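Summary of structural features
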Amino acid sequence: MSRTVLKPVVFAAALLLAGPAVAEDFAIVGAQVFPSPDAAPITNGTVVVRDGRITAVGPRSKVKVPEGTRIIDGKGRSVTAGFWNSHVHLMSPPFHQPDAQAPQALQDALRDRFGKWGFTTLFDIGSLPGDVGALRTRMAKG
């Protein structure tokens, strides 16, 4: 089994809270925000997080960042929920023999099957030997 991490989304905000931990308030501003798989991306968007919860998402011009909130510059970056898909089989075209596939075909398939649903990390549990490693190598090379 191997784990494949999708790289098209460069910036993902994740909050992992265990028990009564205190979360920092922050806002990511100026990023391309993917609020959900079926919504259009928000260019120059803002995401505000207070007390460990997302309290506002929208265009930068319409979302007010509370005074004193730490600002994270998201210009040139993307924000998505960053879901994990822990049960995938990368066996069908174009994932079988990825070295023989066109880069655009691989990119389109990853985006359409996983990225557009918010998956940024995949855990492959049964693909053909060598295919996932070859796909990871191609992704690492861009």
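Our structure's up above, just so we're on the same page.
Read on for a plain summary of the structure. All of these numbers come straight from a predicted model, not from anything done at the bench. (Residues numbered from 1 in each chain as written. Predicted model: local features only at pLDDT ≥ 70, side-chain atom pairs only at ≥ 80, totals over all residues. Heavy atoms only, no water.)

This part is about helix α1 (residues 103-113). All of the buried residues along α1 are Leu106, Ala109 and Leu110. Looking straight down α1, one finds its buried side chains confined to an arc of 95°; they lie on one side. Among the structural elements, α2 (131-140) are those in contact with the buried residues of α1. (Buried < 20%, exposed > 50% of the residue type's maximum accessible area, 1.4 Å probe, protein only. Helix = DSSP H or I, 4+ residues; strand = E, 2+ residues; numbered from the N terminus. Arc of directions from axis to C-beta. Contact = heavy atoms within 4.5 Å.)

Turning to the pairing of strand β4 (residues 53-59), a few remarks are in order. Pairing between strand β3 (residues 42-50) and β4: six bridges, direction antiparallel. Its bridge partner being in β4, Thr46 is matched across the sheet by Gly58. Where β3 folds back on β4, the antiparallel hairpin that results is connected by two residues, among which Asp51 adopts a positive phi of roughly 50°. (Pairing = 2+ DSSP bridges.)

Attention now moves to unusual backbone geometry. A cis amide bond, omega 5°, links Pro93 with the succeeding residue Pro94. By the secondary structure assignment, Pro94 is in the loop between β7 (83-88) and α1. Of note, the phi angle at Asn44 is positive, near 50°, even though the residue is not glycine. Tracing the sequence through the fold places Asn44 in strand β3. Phi is positive for Gln97, which is not a glycine, with a value near 55°. Mapped onto the fold, Gln97 is located in the loop between β7 and α1. Judged by its relative accessible area of 49%, Gln97 is partly exposed.

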